[in-house]
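Spelled out, the chains give:
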Amino acid sequence: MSRPSDRHSGLERNGERRELELQSSLIKAINEASPDGILVVDDEGVVANHNRRFVEIWQIPDDCLTGRQRGSAVGASDDPILQSVMGKVKDPEAFLARVKTLYDNPDISDHCEIELLDGRTVERHSTVLRAEDGRYLARIWFFHDITGFKQAEAALVELSLHDSLTGVANRRYFFERAGHEFDRTRRHSTPLSIAELDIDYFKAINDRHGHAAGDEVLKSIGSISQRLLRKVDLFARIGGEEFAVLLPDTNLEGARFQAERLRQAIANYRTTAGRCSVTCTVSIGVATLKSSDASIEDCLLRADLAMYRAKEKGRNRVEVDV
């Protein structure tokens, strides 16, 4: 017959064992339920733990999962996994250098974004695990696929810089880019020109054919400009029916030529809106940056004045700043 103290000790051991089992089961459940890929590598470079999400995010092949259990890398060196991952990132040399730095410096934590060759973006966070006495035990890595977030972020940036109707650059983006080109022109003494155009009798188009037809006219001008202009040029909607063209490395004569091509293409284009067939013309003013201009707005103002002269002289024409 056991003594009361033995029974008490046995109950304590059973309780401790149950608590350890519970903690182990809880950690395993959290590990597998985590949306993050988790990898734990001990101080000898051996994989101590990883979850399924880690394998999914990095698309680790079966021949790299050579651990104690099938489909697992636990108990094996992390080298095969590291080589597999390096084959998927855009900058493997920088990736490897950072991994080595983190392994060599346990006090450093890491938080960064990694671009993959397949177009995905993975967010990485890493820190160390220590014993209660401060001994280094392992480094833990967390990986989260943020591709959807980055795509949504890029889409929002795109929307903030482009006109929602025509798809061309908006006023904000035009002046931002124009400011950069102004600075570049001043540094390198290269020419910079601006063309401003306004649709002739646009109100009459809306009144006669409806606003849907007017919208189609605006969109058609945007598509024509994208087809005719160079990649370095910027075509933007800066007002209701007003557009501007930024023409880097282009002198006054070159800008006049581009503006005339654009004017003719628009005049010859027929827009279809429902049962309506609509044509339109534009008046264009052209100006080139002068040494006396304090800002890009000075050049734009001269282009604007030239555009109004085109209106006064009968519309559907190009006038240059003199």
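Please refer to the structure placed before this passage.
This write-up is about the structure you can find in this document. Computed from a predicted structure; not experimentally measured. (Residues numbered from 1 in each chain as written. Predicted model: local features only at pLDDT ≥ 70, side-chain atom pairs only at ≥ 80, totals over all residues. Heavy atoms only, no water.)

1. Comments concerning the overall build of the protein
Turning to step 1, where the next piece is worked out: Across its full length, the protein holds ten helices and twelve strands.
Turning to step 2, where the next piece is worked out: A globule of 322 residues ought to have a C-alpha radius of gyration of about 20 Å, yet the protein, at 33 Å, is considerably larger.
Turning to step 3, where the next piece is worked out: For the protein, with 322 residues in total, the buried portion stands at 41%.
Turning to step 4, where the next piece is worked out: For the protein, restricting intrachain contacts to residue pairs at least 6 apart in sequence, the fraction spanning at least 24 positions comes to 57%.
Turning to step 5, where the next piece is worked out: Across the protein, the mean location of the 45 positive side-chain charges is 5 Å away from that of the 52 negative side-chain charges. (Helix = DSSP H or I, 4+ residues; strand = E, 2+ residues; numbered from the N terminus. Rg over C-alpha atoms; globule rule 2.2 N^0.38 Å. Buried < 20%, exposed > 50% of the residue type's maximum accessible area, 1.4 Å probe, protein only. Contact = heavy atoms within 4.5 Å. Lys, Arg positive; Asp, Glu negative; His and termini not counted. Charge placed at Lys NZ, Arg CZ, Asp CG, Glu CD.)

2. Thoughts on the pattern of salt bridges
Turning to step 1, where the next piece is worked out: Enumeration over the complete set of coordinates arrives at 26 salt bridges.
Turning to step 2, where the next piece is worked out: The closest approach of N and O atoms between Asp207 and Lys203, which form a salt bridge, is 2.9 Å. Here Lys203 and Asp207 lie together in helix α7 (residues 202-209), a separation of four residues that amounts to about one turn.
Turning to step 3, where the next piece is worked out: A salt bridge links Asp293 to Arg302; its shortest N-O distance comes to 2.7 Å.
Turning to step 4, where the next piece is worked out: A relative accessible area of 7% means that Asp293 is categorised as buried.
Turning to step 5, where the next piece is worked out: Here the salt bridges share partners, and the residues they tie into one network are Arg177, Glu181, Arg184 and Asp249. (Salt bridge = Lys/Arg side-chain N within 4 Å of Asp/Glu carboxyl O.)

3. Digging into the sheet that holds strand β5 (residues 136-145)
Turning to step 1, where the next piece is worked out: One open sheet accounts for five strands, arranged β2-β1-β5-β4-β3; its pairing is antiparallel. Pairing within the sheet leaves two strands with one partner each, and these edge strands are β2 (47-50) and β3 (110-115). Going from strand to strand, the sheet's axes swing by 20 degrees on average, the running direction of each strand aside. (Pairing = 2+ DSSP bridges. Axes fitted to C-alpha atoms, helices over the stretch in contact; angles between N-to-C directions.)

4. Digging into the packing of helix α8 (residues 211-228) against helix α9 (residues 252-267)
Turning to step 1, where the next piece is worked out: Running from N to C, α8 and α9 cross one another at 135 degrees; their axes reach a closest spacing of 10 Å. The pairing of α8 with α9 is recorded here as oblique in orientation. In the crossing of α8 with α9, the sense of the turn from one axis to the other is right-handed. In this structure, α8 contributes Ile221, Ile224, Ser225 and Leu228 to the contact, and α9 contributes Arg261, Leu262, Ala265 and Ile266.
Turning to step 2, where the next piece is worked out: Classifying every residue of the contact of α8 with α9 by side-chain character gives six nonpolar, one polar and one charged. (Parallel < 35°, antiparallel > 145°, perpendicular 65-115°, else oblique. Left-handed = near helix turned anticlockwise from the far one by under 90°. Nonpolar A, V, L, I, M, F, W, Y, C, P; charged D, E, K, R; others polar.)

5. A look at the environment of Leu289
Turning to step 1, where the next piece is worked out: Note that Leu289 resides in the loop between β11 (282-288) and α10 (296-312).
Turning to step 2, where the next piece is worked out: With a relative accessible area of 13%, Leu289 lands in the buried category.
Turning to step 3, where the next piece is worked out: Between the C-alpha atoms of Leu289 and Leu192, which are 97 residues apart in sequence, the distance is 5.6 Å.
Turning to step 4, where the next piece is worked out: Setting aside residues up to four positions removed in sequence, Leu289 forms contacts with Phe182, Thr185, Arg186, Leu192, Ser295, Ile296, Cys299 and Arg302.

6. Structural notes on the side chain of Arg302
Turning to step 1, where the next piece is worked out: Position of Arg302 relative to the elements: it lies in helix α10.
Turning to step 2, where the next piece is worked out: Residues in contact with Arg302, not counting those within four places in the same chain, are Ala287, Thr288, Leu289, Lys290, Asp293 and Asp321.

7. Brief notes about the nonpolar core
Turning to step 1, where the next piece is worked out: Leu197, Ile199, Ile221 and Phe235 are the most contacted members of the largest nonpolar core, which totals 29 residues.
Turning to step 2, where the next piece is worked out: Mapped onto this core, the elements with two or more residues apiece are β6 (192-199), α7, α8, β8 (242-248), α9, β11 and β12 (318-320).
Turning to step 3, where the next piece is worked out: Residues contacting Ile199, with those up to four places away along its chain left out, are Ile205, Val217, Leu218, Ile221, Glu241, Phe243, Cys280, Thr281, Val282 and Lys311.
Turning to step 4, where the next piece is worked out: In this structure, Val55, Trp58, Leu65 and Phe95 belong to the second largest nonpolar core, which totals 25 residues. (Core = buried A, V, L, I, M, F, W, Y, C linked by side-chain atoms within 4.5 Å.)

8. Some points on α10
Residues three or four positions apart in an α-helix share a direction because the helix packs 3.6 residues into each turn.
Turning to step 1, where the next piece is worked out: An ideal rise of 1.5 Å per residue puts 24 Å on 17 residues; α10 measures up with 25 Å between its terminal C-alpha atoms.
Turning to step 2, where the next piece is worked out: Looking at the buried side of α10, the elements it contacts are α6 (171-188), β6, β8, β11 and β12.
Turning to step 3, where the next piece is worked out: Of the residues flanking the end of α10, it is Gly314, one or two places downstream, whose phi is positive at about 120 degrees. (Expected span 1.5 Å × (residues − 1).)

9. Here we look at the environment of Leu102
Turning to step 1, where the next piece is worked out: Position of Leu102 relative to the elements: it lies in helix α4 (residues 92-104).
Turning to step 2, where the next piece is worked out: Along the primary structure Leu102 and Pro92 are separated by ten residues, whereas in three dimensions their C-alpha atoms are 15 Å apart.
Turning to step 3, where the next piece is worked out: Setting aside chain neighbours within four positions, we find Leu102 in contact with Ile108, Ser109, Asp110, Arg139 and Trp141.

10. Describing the sheet that holds β6
Turning to step 1, where the next piece is worked out: The strand order across the open sheet formed by five strands is β7-β8-β6-β11-β12, and the pairing between neighbours is mixed. At either margin of the open sheet sits one strand with a lone partner, and together these are β7 (234-237) and β12. Along the sheet, successive strands turn relative to each other by an average axial angle of 20 degrees, direction set aside.
Turning to step 2, where the next piece is worked out: With four bridges joining them, β7 and β8 adopt antiparallel strand pairing.

11. What about unusual backbone geometry?
Turning to step 1, where the next piece is worked out: Its identity as a non-glycine residue notwithstanding, Gln59 has a phi of 50 degrees, on the positive side.
Turning to step 2, where the next piece is worked out: For Gln59, the location among the structural elements is in the loop between α2 (52-58) and α3 (79-86).
Turning to step 3, where the next piece is worked out: According to the relative accessible area criterion, Gln59 is partly exposed, its value standing at 46%.
Turning to step 4, where the next piece is worked out: A positive phi angle is found at Asn316, which is not glycine, with a value near 50 degrees.

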